[in-house]
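Architecture and fold: a report
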Amino acid sequence: MFDLSCDVAVIGAGTAGLGAARRALREGAKVLLIDDKFAGTMCANVGCMPSKLLIAASKAADHARRGALFGVRVSDVSIDGKAVMQRVRDERDRFAASTRKSFEDFPEGTLIKARARFTAPGELALDDGRTIKAKAIVVATGGTPKIPEAFSGLGDLCFTHETIFELPDLPKSMAVIGAGPIGLELAQAFARLGVKVSLFDDSETLGGVDDPHLQAMIQDTLSEDMMLCLGVTSRAHRNNDQIVVTYEGKGHSASESVDILLVATGRPPQFDGLDLEKAGIACDDKGTPLYDQQTMQCGTAPIFLAGDAAADRPILHEASAEGSIAGRNAATFPKVTPTQRMIPFSMVFSQPVLARIGEEPSNDHIIARASYGDQGRAKVDGEAIGEVQIVADPSDGRLLGAILFCPGAEHMAHLFVAAISAGLTASQMLSHPFYHPTLEEGLKPALREICSRVPSSGDYDRTSAPGG
Ligand SMILES: Cc1cc2nc3c(=O)[nH]c(=O)nc-3n(C[C@H](O)[C@H](O)[C@H](O)COP(=O)(O)OP(=O)(O)OC[C@H]3O[C@@H](n4cnc5c(N)ncnc54)[C@H](O)[C@@H]3O)c2cc1C
Ligand SMILES: NC(=O)c1ccc[n+]([C@@H]2O[C@H](COP(=O)([O-])OP(=O)(O)OC[C@H]3O[C@@H](n4cnc5c(N)ncnc54)[C@H](O)[C@@H]3O)[C@@H](O)[C@H]2O)c1
């Protein structure tokens, strides 16, 4: 006999699990939402929100320093590291509290505070000794930071995103290992707050950008804030109250002594202790369950993945969407309905932001560029830097993708999401008004280039406003 039974058991009350549980409840299922902490989502506690709060502080510092460009002299810009970190935590705590408050909306008896593991297909054991029988199970256990062997054993001077926001004060120097989104965002933010930062990655490129021109521009921009060591093999050891990072690559080797180390080398799915092998599902060679991206179902089993546990698109809006897909299908199992997934869309909140939308550039596409190095509004704002690449279908000029590394990228990226999803062509985009003087006007040269290369584009706006 089981202690508890339900239609849908959801393991993990992060963004994905909450989405799954709410959706399954809406479908009329009896739901149990299991989490070992119910501390609020990872995004609010140690992810999106504290990292963006730190970036906000770094932007304030940058604006203060750059005031002189506009004739605004801010004498003696100094950073109060304790106050910076305290605001990060205070605001973060408010976000986390509001995600915790949302747990109160669940019907009584839905929330189970415990760690779950599989004992058989459709059966779970909790670490408080109780057992659960579920008709369907959603695994939404998130990811966990990976610390490679070369950076283990460094004690309290080694941080991940789970611990870095607890720093009481800013360090004088730090090394960041891994130049993925976490490493790039935090390295630049700390650097702009006055920390001497060195960023290491074994890959030679940043942000997954293959285009050599854009890659060089990204590297040049980031190098202004920090020492960038790409394509190097690095390791670290502790020397009293310092960390020594040694690195080698391209025929040279060197070492760097820093106050602390931030390891940001990826966040694989969190399946430890879940005993997935007892769930009766097939896994790949890394132990990740094989699943269908449109249904989130693992094979034909009544088991569904969602969020960072699924690993394919480890970003927030996808965690939420996957939770909803998994929750609905778990509730209606054995009826499982495929859902058309959203257009790929990701951003790195560097300054400027690097945003990628839709299809990657390839030789089969038109790739049109627009530089922001001399763009009117960007010059007005004193931030003329970067480039946009727009990917279009050569047969009709339909927009397929874009990469933006320029001021305003965070917002203009959403224009592309809407335009690409609606199937707009470059000439249709140009038929809409572009307000003057805006950063959006800077897209026009690339849109015009697409039109000029697609005979069916017809007439399109070729006029340029001053500086546009
Ligand atoms: C530093 C950082 C910055 C980020 N910034 C952004 C950003 O700006 N924009 C963006 O879109 N995305 C960002 N992301 C990614 C985004 O935060 C994640 O994709 C999203 O939060 C994942 O949600 P989730 O529900 O899958 O996982 P989580 O929120 O981690 O939830 C998993 C839950 O499962 C629980 N759990 C695990 N195992 C068990 C078990 N056996 N039993 C019971 N409970 C269990 C955990 O305690 C946890 O509560 C960022 C991530 C990080 C790390
Ligand atoms: N703005 C955002 O949306 C945002 C921000 C932060 C994090 N995230 C999400 O969190 C996930 C995890 O982020 P992440 O940056 O940790 O992971 P990641 O996997 O994207 O990047 C890890 C980086 O570490 C490097 N690396 C791995 N092992 C290394 C080693 N031994 N030495 C040196 N470099 C090494 C890799 O080459 C890679 O560049 C991301 O996939 C992302 O989706 C999103």
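Residues numbered from 1 in each chain as written. Chains lettered and ligands numbered in written order. Predicted model: local features only at pLDDT ≥ 70, side-chain atom pairs only at ≥ 80, totals over all residues. Heavy atoms only, no water.

**Concerning the UniProt feature "domain: FAD/NAD(P)-binding" (unreviewed entry) in the protein chain**
- As recorded in UniProt, the sites labelled "domain: FAD/NAD(P)-binding" (unreviewed entry) are residues 7–321.
- Regarding residues 7–321, the helix share stands at 28% and the strand share at 24%, and the terminal C-alpha atoms are separated by 21 Å. (UniProt positions renumbered as here; feature names shortened; annotations may be inferred. Helix = DSSP H or I, 4+ residues; strand = E, 2+ residues; numbered from the N terminus.)

**Some points on the sheet that holds strand S19 (residues 387–392)**
- One open sheet holds the five strands; their spatial order is S16-S17-S20-S19-S18, and the pairing between them is antiparallel. If you trace the sheet from one side to the other, it starts and ends with strand S16 (345–348) and strand S18 (366–371), each paired once. In this sheet, adjacent strand axes meet at a mean angle of 10° when their direction is disregarded.
- Across six bridges, S18 lies against S19 in antiparallel orientation. Note that in S19 the partner of Ile366 across the bridge is Ala392.
- The strands touched by helix H11 (residues 444–453) are S18, S19 and strand S20 (399–405); relative to S18, the strand with the most contacts, the crossing angle is about 150°. (Pairing = 2+ DSSP bridges. Axes fitted to C-alpha atoms, helices over the stretch in contact; angles between N-to-C directions. Contact = heavy atoms within 4.5 Å.)

**Concerning helix H7 (residues 316–332)**
- The end-to-end C-alpha distance of H7, which contains 17 residues, comes to 25 Å, matching closely the 24 Å that a straight helix rising 1.5 Å per residue would cover.
- Along H7, the positions that sit buried rather than exposed are Glu318, Ala319, Glu322, Gly323, Ile325, Ala326, Gly327, Arg328, Asn329 and Ala330. (Expected span 1.5 Å × (residues − 1). Buried < 20%, exposed > 50% of the residue type's maximum accessible area, 1.4 Å probe, protein only.)

**Brief notes about the nonpolar core**
- Residues Ile34, Phe118 and Val138 are the most contacted members of the largest nonpolar core, which totals 51 residues.
- Of all the elements, strand S6 (residues 131–139) adds the most residues to this core, at six residues.
- With near-sequence residues (within four places) excluded, Ile34 lies in contact with Ala9, Val10, Ile11, Gly12, Ala13, Ile112, Ala114, Ala116, Leu124, Leu126 and Ile132.
- Grouped together as the second largest cluster of nonpolar side chains are 41 residues, Leu199, Val209, Ile218 and Leu230 included. (Core = buried A, V, L, I, M, F, W, Y, C linked by side-chain atoms within 4.5 Å.)

**What about the domain arrangement of the protein chain?**
- Along its sequence, the protein chain is organised into domain 1 (4–145 + 268–332), domain 2 (149–263) and domain 3 (345–457).
- Taken residue by residue, the interface counts eight residues in domain 1 and eight residues in domain 3.
- Taken together, the two surfaces of domain 1 and domain 3 that pack against each other cover about 580 Å², and 56% of this comes from carbon and sulfur.
- Seen at the junction of domain 1 and domain 3, the total is zero salt bridges.
- At the junction of domain 1 and domain 3, the tally comes to one residue pair in polar contact (both at pLDDT 80 or more).
- Per-element tally for the side of domain 1 that touches domain 3: the top contributor is helix H3 (residues 48–66), with four residues. (Domains from an automatic or database assignment. Buried area = accessible area lost by both parts, 1.4 Å probe. Salt bridge = Lys/Arg side-chain N within 4 Å of Asp/Glu carboxyl O. Polar contact = N/O pair within 3.5 Å; in protein donor to acceptor, adjacent residues only side chain to side chain.)

**Here we look at the site of ligand 1**
- As a structural note, the neighbourhood of ligand 1 is formed by 34 residues, with Ala16, Asp35, Asp36, Lys52 and Asp308 the closest of them.
- Asp35 is positioned with one of its side-chain polar atoms (N or O) 2.6 Å from an oxygen atom of ligand 1.
- A distance of 3.0 Å is found between a nitrogen atom of ligand 1 and a backbone nitrogen or oxygen belonging to Ala116.
- Contact with the protein chains covers 90% of the free accessible surface of ligand 1, which is 1,000 Å². (Near = heavy atom within 4 Å. Areas by Shrake-Rupley, 256 points an atom, 1.4 Å probe, with all protein chains shown as cover.)

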